[in-house]
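Below, each chain spelled out in residue letters.
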Amino acid sequence: MIFKVFYQENVHEVPVREKTKTLYIQAESVREVYSKLADKKINIEYIQEIKGAHLEYEQQNKNYKVLEI
């Protein structure tokens, strides 16, 4: 499954919508996403599974790249 992760780069600041970034990661569950990103110093806001038409739409985005961990 592919998950879209919304995050902030600085874990010590209050999240601000304008600073939210996204990344895509392949995993079997949300728990696995958290474990794969545990060593990164990011503040995870939300994790969303994407599939079907939503995944096809995201793949058309020029910034779509699945993070390999």
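Residues numbered from 1 in each chain as written. Predicted model: local features only at pLDDT ≥ 70, side-chain atom pairs only at ≥ 80, totals over all residues. Heavy atoms only, no water.

Asker: Account for the nonpolar core, naming residues and giving values.
Answerer: Core analysis: the biggest nonpolar cluster contains eleven residues, these being Phe 3, Val 5, Tyr 7, Leu 23, Ile 25, Ala 27, Val 33, Leu 37, Ile 42, Ile 44 and Ile 47. Elements with a contribution of two residues or more to this core: β1 (2-8), β2 (21-26) and β3 (43-50). No other element matches β1, which puts three residues into this core. Judged by nonpolar contacts, the second largest core, of six residues, contains Ile 2, Ile 50, Tyr 64 and Val 66. (Core = buried A, V, L, I, M, F, W, Y, C linked by side-chain atoms within 4.5 Å. Buried < 20%, exposed > 50% of the residue type's maximum accessible area, 1.4 Å probe, protein only. Helix = DSSP H or I, 4+ residues; strand = E, 2+ residues; numbered from the N terminus.)

Asker: Describe the pattern of salt bridges, and please don't skip the residues or the numbers.
Answerer: Counted according to the given criterion, the structure contains four salt bridges. Among the ionic pairs, Lys 21 bridges to Glu 9, the shortest N-O distance being 3.2 Å. Of this pair, Lys 21 sits in strand β2 while Glu 9 sits in the loop between β1 and β2; the two residues are twelve residues apart in sequence, bridging distant segments of the chain. In this structure, the salt-bridge partner of Glu 32 is Lys 36, at a minimum N-O distance of 3.5 Å. Taken together, the residues span about one helical turn, with Glu 32 and Lys 36 both in helix α1 (residues 30-36) at a distance of four residues. Under the relative-accessibility criterion, Glu 32 is labelled partly exposed at 25%. (Salt bridge = Lys/Arg side-chain N within 4 Å of Asp/Glu carboxyl O.)

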